[in-house]
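The residues making up each chain are set out below.
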Amino acid sequence: MIPWLNETSPVFPDTNTALKIPDGLLAAGGNLNGNTLLEAYSRGIFPWFNEGEPILWWSPDPRMVLKPASIIISRSLRKILRKNIFKVTFDRAFDNVIDQCSKPRGDEMSSWITNTIKRAYSSLHATGYAHSVEVWADEKLVGGLYGVAIGKVFFGESMFSTQNNTSKVAFAWLCHHLLQWKFKLIDCQVYSPHLQSLGASMMPRIEFINQLNCYCSKNPSGANWIAERQWNDLLQ
């Protein structure tokens, strides 16, 4: 049996008690208030659940992570970035990005990004903790991502693309500017070949949590991120 968290004042159990199968299921219940989410992320825990399910909290072992300087930019992506055919912004259309991320993909009938999730992360965005990267073509949103920043760690949540490579463009911009802002780590949560191709690798959970203890603090990184178009360092 996994622990059931109090709805008004949840206390997370030790992440070492998370189940190996499925991937790090730790607890159920609680709430998605801002303080609860920040406490969870800073301890290596994140929510993931489908419509009709209770809130489920996860802490996988190992954890997929990426250091901003370790991003792999393929030759084809490098060409796209040099051509500068897309406009990229930060925190200009957070709600639109999370709406796009919530659309079912492939054979999926629904998405885990429910209206409840949208409201919770929009509130985090309003307080300066959740951020988005937007990719535009002719004023149309064609790609992007969103996640949570605490201290010097960015916790990635989801990305989308409606044109080829636009989510990769968003991710490359994110890594470039996180490096400028001296961020130490991007949490990618669980393994995927796509993220591995971009430079992410697996880290034991105990090491990941040690990193969080070093680099996380509950100081907002600003209500809105502002980024300049500087690619020279990244494209050398």
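Residues numbered from 1 in each chain as written. Predicted model: local features only at pLDDT ≥ 70, side-chain atom pairs only at ≥ 80, totals over all residues. Heavy atoms only, no water.

Caption draft 1: The overall build of the protein, seen in detail. Helices and strands together make up the secondary structure of the protein, namely 8 helices and 11 strands. For 236 residues, the compact-globule formula gives about 18 Å, and the C-alpha radius of gyration of the protein, at 17 Å, lands near that figure. Overall, the C-alpha framework of the protein stretches about 55 × 35 × 35 Å when taken along its three principal axes. Out of the 236 residues in the protein, the part that is buried amounts to 53%. Taking all contacts inside the protein whose residues are at least 6 apart in sequence as the whole, residues at least 24 apart take part in 72%. Separation of charge centres in the protein, based on 23 positive and 20 negative side chains, amounts to 9 Å. (Helix = DSSP H or I, 4+ residues; strand = E, 2+ residues; numbered from the N terminus. Rg over C-alpha atoms; globule rule 2.2 N^0.38 Å. Buried < 20%, exposed > 50% of the residue type's maximum accessible area, 1.4 Å probe, protein only. Contact = heavy atoms within 4.5 Å. Lys, Arg positive; Asp, Glu negative; His and termini not counted. Charge placed at Lys NZ, Arg CZ, Asp CG, Glu CD.)

Caption draft 2: Summary view of the packing of aromatic side chains. Going through the model one piece at a time under the given rule, you end up with 6 aromatic pairs. Between F12 and W57, the aromatic rings sit 5.0 Å apart at their centres with planes inclined by 75°, giving edge-to-face as the arrangement. Here F12, found in the loop between β1 (4-5) and β2 (25-29), pairs with W57, found in strand β4 (residues 56-58); they are 45 residues apart in sequence, far enough to count as distant. Given a relative accessible area of 0%, W57 falls into the buried group. Taken together, the ring pairs in this structure connect F94, Y121 and Y146 into an aromatic cluster. (Phe/Tyr/Trp six-rings, centres within 6.5 Å; stacked < 30°, edge-to-face > 60°.)

Caption draft 3: Looking closely at unusual backbone geometry. With an omega of -5°, the peptide bond between I21 and P22 qualifies as cis. Looking at the secondary structure, you find P22 in the loop between β1 and β2. Cis peptide bonds are those with omega within 30 degrees of zero, and the linkage from D61 to P62 qualifies with 5°. With a phi angle near 55°, D138 is a residue other than glycine that sits in the positive phi range. Mapped onto the fold, D138 is located in the loop between β7 (130-137) and β8 (140-150). Although it is not a glycine, N165 adopts a positive phi angle of roughly 75°. Tracing the backbone through its elements, the reader meets N165 in the loop between β9 (153-161) and α5 (166-180).

Caption draft 4: View of the environment of L185. In this fold, L185 is placed in strand β10 (residues 185-189). Note on L185: relative accessible area 0%, which makes it buried. Each C-alpha atom, one on L185 and one on P54, is 29 Å from the other, the two residues being 131 residues apart in sequence. Residues in contact with L185, not counting those within four places in the same chain, are V65, L66, K67, P68, K152, V153, F154, M203, F208 and Q211.

Caption draft 5: Spotlight on the nonpolar core. In this structure, W57, Y121, Y146, V148 and F155 are the most contacted members of the largest nonpolar core, which totals 47 residues. Residues contacting Y121, with those up to four places away along its chain left out, are L37, Y41, P47, F94, I98, A130, Y146, V148 and E157. Core analysis: the next-biggest nonpolar cluster, separate from the first, contains 33 residues, L66, A170, F171 and C188 among them. (Core = buried A, V, L, I, M, F, W, Y, C linked by side-chain atoms within 4.5 Å.)

Caption draft 6: Broad picture of the pairing of β10. Among the 5 residues in β10, 5 count as buried, and that is most of the element. Along β10, one buried face is formed by L185, D187 and Q189 and the opposite face, lined by I186 and C188, is buried too. Bridge count for strand β5 (residues 63-66) against β10 is 3 bridges, and the pairing is antiparallel. Bridge pairing links V65 to D187 in β10. Handedness of the β-α-β unit built from β9, α5 and β10 comes out right-handed. (Pairing = 2+ DSSP bridges. Right-handed = clockwise from strand over helix to strand, strands pointing away.)

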